[in-house]
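Topology and contacts: notes
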Amino acid sequence: MRFMIASAALAALTLAACSQGSDTTEGEKAGQASTVAPSASMDGPKPGLWRVTTAMAGMPGGAAMAPVETCITSSTFEAPGGASATPGATCTTQPFRRDGDAMVSSTVCEMQGGMKSESAIRVSGDFSSRYTMEVKSKTTGAPAPMPETTMTMTAERLGDCPAA
């Protein structure tokens, strides 16, 4: 169960952390917005101070984490890649693609002993004042039954970053 929670949290935090720099030109960004083709990264939240609130459903008693405030100076959403760093896990991640007004991605990790963890990620919102990321995860083949979980991260822009 710890692996499943860690995988979902890692996927979510990889997205929420957002890249602090981007080599993408304005022309490339415009091309990303108009295409339906998969992309390794997509434009992320407007730079500024953001408050991120996280809740997890599907766990006995549920789970919520204290809100976190973070200053984003420049950002893109990138498909999670850190889950494959889990010892004994082989992970495959689908790049983000547009699905209506949302961006979607998925990750499948296969672990030793026949366990398999699947996560579906959906991010939607206006990215200038608010966005929501939902990560639905399920694990099969575990020695003990594991519930399907849904981690929901809601981010709200509070304003400009404080002066350094």
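Conventions we followed
- Residues numbered from 1 in each chain as written.
- Predicted model: local features only at pLDDT ≥ 70, side-chain atom pairs only at ≥ 80, totals over all residues.
- Heavy atoms only, no water.
- Helix = DSSP H or I, 4+ residues; strand = E, 2+ residues; numbered from the N terminus.
- Buried < 20%, exposed > 50% of the residue type's maximum accessible area, 1.4 Å probe, protein only.
- Contact = heavy atoms within 4.5 Å.
- Areas by Shrake-Rupley, 256 points an atom, 1.4 Å probe, with all protein chains shown as cover.
- Disulfide = S-S within 2.5 Å.
- Pairing = 2+ DSSP bridges.

**So, the overall build of the chain**
Within the chain, the secondary structure is distributed over two helices and nine strands. Each helix and strand of the chain, ordered N terminal to C terminal, gives the series α-α-β-β-β-β-β-β-β-β-β. Taking all 164 residues of the chain together, the buried fraction comes to 37%. Pairs at least 24 apart in sequence give 57% of the contacts found in the chain among residues at least 6 apart. Summing over all exposed atoms, the chain offers an accessible surface of approximately 8,700 Å²; the carbon and sulfur share of this is 54%.

**What about the state of the cysteines?**
As used here, a disulfide is simply a covalent bond connecting the sulfur atoms of two cysteines. Inspection of the entire model under this criterion finds two disulfides. Between Cys71 and Cys161 runs a disulfide, and the two sulfur atoms are separated by 1.8 Å. In this structure the cystine formed by Cys71 and Cys161 twists about its S-S bond by roughly 115 degrees; its chirality is therefore right-handed. In this pair, Cys71 sits in strand β3 (residues 63–72) while Cys161 sits in the segment after β9 (149–159), placing the two residues 90 residues apart along the sequence.

**Some remarks on the environment of Arg97**
Relative to the elements of secondary structure, Arg97 occurs in strand β5 (residues 89–99). For the pair formed by Arg97 and Arg122, sequence separation is 25 residues and the distance between their alpha carbons is 9.9 Å.

**Details of the pairing of strand β6 (residues 102–111)**
Look at any regular strand and the pattern is simple: side chains alternate between the two faces of the sheet. Counting buried positions along β6 yields seven of 10 residues, so the element is predominantly enclosed. Pairing geometry for β5 and β6, over nine bridges, is antiparallel. Counted as the bridge partner of Asp99 is Ala102 from β6. Linking β5 to β6, which pair antiparallel, is a turn of two residues; within it Gly100 sits at a positive phi near 65 degrees. Taken together, the nine bridges between β6 and strand β7 (residues 116–125) define a ladder with antiparallel strand orientation. Residue pairing across strands places Val104 opposite Arg122, the latter belonging to β7.

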